Amino acid sequence: MAARVTLQTIADRVGVSRMTVSNAFSKPDQLSASLRERILAAAQEVGYVGPDPTARALAKGTTGAVGIVLTSSLRFAFTDPVATSFLGAIAEQLGPTGLALTLLTSSDDGEVVPARDVAIDGALIYSCDPTSLAVQYLTRRRLPLVYIDQTPVDGIAAVNVDDRAGARAAAQHLIDLGHRRIGLLMSGVHGRHGLIGPEDVTVDGHASAQRLLGWRDALDAAGIVPLMARQDGSVLELAKAGARLLLDRPDRPTAILCFSDAVAYGALQVAEELGISVPAQLSIVGFDDSPLATQIRPALTTVRQDVVAKGRVAAEALNAAIEDTRAGRIVAAEHVVLPTELVVRGSTAPPPA
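Only a predicted model underlies this, so the values are computations on that prediction, with no experimental measurement involved. (Residues numbered from 1 in each chain as written. Predicted model: local features only at pLDDT ≥ 70, side-chain atom pairs only at ≥ 80, totals over all residues. Heavy atoms only, no water.)

Asks: How would you summarise the pattern of salt bridges if you had to cite specific residues and measurements?
Replies: Under the criterion given, the structure shown has 17 salt bridges. A salt bridge links Arg-168 to Asp-217; the shortest N-O distance between them is 3.1 Å. Of this pair, Arg-168 sits in helix H9 (residues 163–177) while Asp-217 sits in helix H10 (residues 206–221), and the two are 49 residues apart along the sequence. For Arg-168, a relative accessible area of 34% puts it in the partly exposed group. Owing to a relative accessible area of 26%, Asp-217 belongs among the partly exposed residues under this scheme. Between Arg-304 and Asp-289 there is a salt bridge, with its nearest N and O atoms 2.7 Å apart. Taken as a pair, Arg-304 in strand S11 (residues 302–305) and Asp-289 in the loop between strand S10 (283–285) and helix H13 (292–295) lie far apart in primary sequence, 15 residues in all. Using a relative accessible area of 33% as the deciding quantity, one classes Arg-304 as partly exposed. Through salt bridges with shared partners, a single network forms among Asp-289, Arg-304, Glu-341 and Arg-345. (Salt bridge = Lys/Arg side-chain N within 4 Å of Asp/Glu carboxyl O. Helix = DSSP H or I, 4+ residues; strand = E, 2+ residues; numbered from the N terminus. Buried < 20%, exposed > 50% of the residue type's maximum accessible area, 1.4 Å probe, protein only.)

Pasting the structure below:
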């Protein structure tokens, strides 16, 4: 077997110290350009790619990676268009910092618990089940954290969108069009599912709670009691099941407010299956303004949130929190709320006469 190439191998070849070779890779500003070029050329000749990442991490006391805690299924990160746009913005923002992004499930079953066991320098907590132990594990590890689409707490940076104002604008839009029979199509893991009354509503997380508050702000002011359906998740088949509860009935609503664009797509499909014309007989409003909103027909009236800006702000906040921790600085955690905007398209119209 060929002898292992080390920093000392390069140092002997160039005639410099081992520390000088190390600086060529990790602290290039400490060397002249010509000397660094000689060292890198010698390293390339013998097939040396740089200091061992594990040893470097141990020496620096860092891993060079940050985690993002999602739902219990990592598939969500690759199939949900809002999540993929959000993650793309984070990856782009973190690129120049050299920090790698590690996806962590919030699952805490079995012997391996990612939030407890994976080596990371900090973590983003994104739209997690508030009952999950993942957040507790990360907090106990005293890692720099940033909450996204989570209820803010003191001492932890948070990035949210103005869900309540966006939902209020969506409901007011339907009221202004003349709708009085309005349905709410929600999703969530815990609590009752199916048709529910106001006293049965359970909200799982920050976004769900804020959107429901926004809808009720406008509906209550107009004296409207909505018909509400709630399903266990937002995948298409579950969204369709919830929509059918609202639409396959003689007193169906003339408009539906949906928790997300993905849920609204399920409602559109059920309306088509039942022969209900959108928007002539039924108006539908989503939330997020995901790419899906303009791909379906009719194009979806929805509430826009800037998920790219949300990802960038979250990544900046986490990088700042990591740097503050390394420097021993105590800085007040900032809570950022990004604006939302109602986008009116072809899926809403006045109710039938």
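Asks: For the pairing of strand S5 (residues 157–161), give the residues involved together with the corresponding values.
Replies: Counting buried positions over the 5 residues of S5 gives 5, a clear majority of the element. Here 3 bridges tie strand S4 (residues 145–148) to S5, and the two strands are oriented parallel to one another. Counted as the bridge partner of Val-146 is Ala-157 from S5. (Pairing = 2+ DSSP bridges.)

Asks: Give a description of the nonpolar core that names residues and reports values.
Replies: Generally speaking, a soluble globular protein has its nonpolar side chains buried in company with each other. Residues Ile-68, Phe-86, Ile-90, Leu-124, Tyr-126, Val-146 and Ile-148 are the most contacted members of the largest nonpolar core, which totals 24 residues. When residues of this core are traced back to their parent elements, those giving at least two are strand S1 (65–69), helix H6 (81–94), strand S3 (123–126), S4, S5 and helix H14 (307–327). Counting residues per element, this core draws most heavily on H6, which supplies 6 residues. Residue contacts for Phe-86: discarding those within four places in its chain leaves Ile-68, Tyr-126, Ile-148, Val-307, Lys-310 and Gly-311. (Core = buried A, V, L, I, M, F, W, Y, C linked by side-chain atoms within 4.5 Å. Contact = heavy atoms within 4.5 Å.)

Asks: Lay out the sheet that holds S3 in plain terms, naming residues and giving numbers.
Replies: One open sheet accounts for 6 strands, arranged S2-S1-S3-S4-S5-S12; its pairing is parallel. Only two strands of the sheet have a single neighbouring strand rather than two, namely strand S2 (100–104) and strand S12 (335–338). When the angles between neighbouring strand axes are averaged without regard to direction, this sheet yields 20 degrees. (Axes fitted to C-alpha atoms, helices over the stretch in contact; angles between N-to-C directions.)

Asks: If you had to explain the packing of aromatic side chains to someone new, which residues and values would you point to?
Replies: Inspection of the entire model under this criterion finds 2 aromatic pairs. Stacked on the ring of Phe-259, the Lys or Arg Arg-211 has its end atom at 4.6 Å from the ring centre. We note Arg-211 situated over the ring of Phe-287; from NZ or CZ to the ring centre the distance is 3.8 Å. (Phe/Tyr/Trp six-rings, centres within 6.5 Å; stacked < 30°, edge-to-face > 60°. Lys NZ or Arg CZ within 6 Å of the ring centre and 35° of its normal.)

Asks: Break down the sheet that holds S10 for me, citing the residues and quoting the values.
Replies: Read from one edge of the open sheet, 5 strands run S7-S8-S6-S9-S10, paired in mixed fashion. Where the open sheet ends on each side, the last strands, each with one partner, are strand S7 (194–196) and S10. Mean inter-strand twist for the sheet, computed between neighbouring axes without regard to direction, equals 25 degrees. Pairing analysis gives 3 bridges linking strand S9 (residues 255–258) to S10, with the strands arranged parallel. Paired with Ile-256 across the bridge in S10 is Ile-284. Where H10 meets the sheet, it contacts strand S6 (182–187) and S9, and its direction lies at approximately 170 degrees from that of S6. On the sheet, helix H12 (residues 261–273) packs against S6, strand S8 (227–231), S9 and S10 and is oriented at approximately 160 degrees with respect to S10.

Asks: Give me the packing of H9 against H10: which residues, what numbers.
Replies: Contact geometry for H9 and H10: axes closest at 7 Å, N-to-C directions at 35 degrees. Where H9 crosses over H10, the handedness of that crossing is right-handed. Contact with H9, carried on its side by Asp-163, Arg-164, Ala-167, Arg-168, Ala-171, Gln-172 and Ile-175, involves His-206, Ala-207, Gln-210, Arg-211, Leu-213, Gly-214, Trp-215, Asp-217, Ala-218 and Leu-219 of H10 and no other residues of that element. Taken together, the residues of the contact of H9 with H10 break down into 8 nonpolar, 4 polar and 5 charged. (Left-handed = near helix turned anticlockwise from the far one by under 90°. Nonpolar A, V, L, I, M, F, W, Y, C, P; charged D, E, K, R; others polar.)

Asks: Account for the environment of Ile-120, with residues named and values stated.
Replies: As for its position among the elements, Ile-120 is in the loop between helix H7 (114–117) and S3. Judged by relative accessible area, which is 4%, Ile-120 ranks as buried. Along the backbone, Ile-120 and Leu-133 are 13 residues apart, and their C-alpha atoms lie at a distance of 17 Å. For Ile-120, the contacting residues outside a window of four places in its chain are Thr-63, Ala-65, Val-66, Gly-67, Leu-104, Leu-138, Arg-141 and Leu-143.

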